[in-house]
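Coordinate inspection notes
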Amino acid sequence: MKADDIFNYCVSNLDDVVLTENWGERGIFYNPNGILKKGVYVLTIKEKDGENDKSSLLNRSNVYRVNVCLKKETFIKRFDNIPKRPYAGQIVKMDFDFTKLDTIMPHPVYAWMGWVCVLNPSEKTFKELKVMIQESYYFAKEKFAKRIKK
């Protein structure tokens with residue numbers, strides 16, 4: 001799969017989302033009618049290493065990482081615990097090879113917030129990831145509703 005295939009899936013199947021670029025990565029945000037400045041993250045795809053995130057070695061040829069936010073309960077069911085927040089420029093202390101392709105795993109930096117990731121998902125892995133994208137979408141809708149009530 002290509003990164004654009006995943007973005008096309010999201011834009012075609014999730015209502016009220018927009019594709020934007022931020023901090024050197026592209027993301028899908030829930031933002032009906034453009035009410036918020038950017039909206040609420042549903043999914044991001046990072047295609048190159050950043051200053052504080054080189055753990056996935058995204059500067060390899062044609063490697064990208066899909067990032068999705070889950071509810072902490074779902075994250076714990078899958079990975080047993082939420083790690084502590086790492087210091088700036090560091091990664092979470094979890095026993096994963098964050099460079100491995102086609103494996104759903106905790107996000108190397110944002111796992112403490114419930115984020116998961118996968119590098120270059122295959123069609124088979126993307127089927128499993130779609131369930132997580134749906135959860136992230138509904139979670140983004142909940143966060144959006146809280147933000148606009150403030």
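First things first, this report covers the structure right here in the doc. (Residues numbered from 1 in each chain as written. Predicted model: local features only at pLDDT ≥ 70, side-chain atom pairs only at ≥ 80, totals over all residues. Heavy atoms only, no water.)

Next up on the list: helix H3 (residues 123-149). In this model H3 runs 39 Å from its N-terminal to its C-terminal C-alpha over 27 residues, within 8% of the 39 Å that 1.5 Å per residue would give. Every buried residue of H3 is listed here: Thr125, Phe126, Leu129, Met132, Ile133, Ser136, Tyr137, Phe139, Ala140 and Phe144. (Helix = DSSP H or I, 4+ residues; strand = E, 2+ residues; numbered from the N terminus. Expected span 1.5 Å × (residues − 1). Buried < 20%, exposed > 50% of the residue type's maximum accessible area, 1.4 Å probe, protein only.)

Moving on to the pairing of strand S4 (residues 65-69). Counting buried positions over the five residues of S4 gives five, a clear majority of the element. A two-sided burial pattern is seen for S4, the buried positions comprising Arg65, Asn67 and Cys69 on one face and Val66 and Val68 on the other. Across five bridges, the pairing between S4 and strand S6 (residues 115-119) is antiparallel. Paired with Val68 across the two strands is Val116, which belongs to S6. (Pairing = 2+ DSSP bridges.)

We now examine the pairing of strand S3 (residues 40-46). The buried count for S3 comes to six of seven residues, which makes it a mostly enclosed element. Bridge count for strand S2 (residues 25-30) against S3 is six bridges, and the pairing is antiparallel. Counterpart to Tyr30 in the pairing with S3 is Val40. Pairing of S3 with S4, which is carried by four bridges, proceeds in the antiparallel orientation. Bridging across to S4, Lys46 finds its partner in Arg65.

A word on the sheet that holds S4. One open sheet accounts for six strands, arranged S1-S2-S3-S4-S6-S5; its pairing is antiparallel. Of all strands in the sheet, those bounded by a partner on one side alone are strand S1 (17-22) and strand S5 (105-106). Lying over the sheet, helix H1 (residues 3-13) contacts S1, S2, S3 and S4, oriented at roughly 10° with respect to S2. (Contact = heavy atoms within 4.5 Å. Axes fitted to C-alpha atoms, helices over the stretch in contact; angles between N-to-C directions.)

What follows deals with the side chain of Asn31. Looking at the element boundaries, Asn31 is found in the loop between S2 and S3. Separated by 3.3 Å, the side chain of Asn31 and the backbone nitrogen of Ile35 make a polar contact. Dropping the residues within four chain positions of it, Asn31 is found in contact with Asp16, Val18, Leu36, Lys37, Lys38, Gly39 and Phe144. (Polar contact = N/O pair within 3.5 Å; in protein donor to acceptor, adjacent residues only side chain to side chain.)

On to the packing of H1 against H3, then. Between H1 and H3, the shortest axis-to-axis distance is 12 Å and the interhelical angle comes to 45°. Classified by the angle their axes make, H1 and H3 are oblique. Helix-helix and strand crossings are classified by hand; for H1 and H3 the assignment is right-handed. When H1 is examined against H3, the residues Ile6, Tyr9 and Cys10 are found in contact with a partner set consisting of Phe126, Lys130, Ile133 and Gln134. Broken down by class, the residue content of the contact of H1 with H3 amounts to five nonpolar, one polar and one charged. (Parallel < 35°, antiparallel > 145°, perpendicular 65-115°, else oblique. Left-handed = near helix turned anticlockwise from the far one by under 90°. Nonpolar A, V, L, I, M, F, W, Y, C, P; charged D, E, K, R; others polar.)

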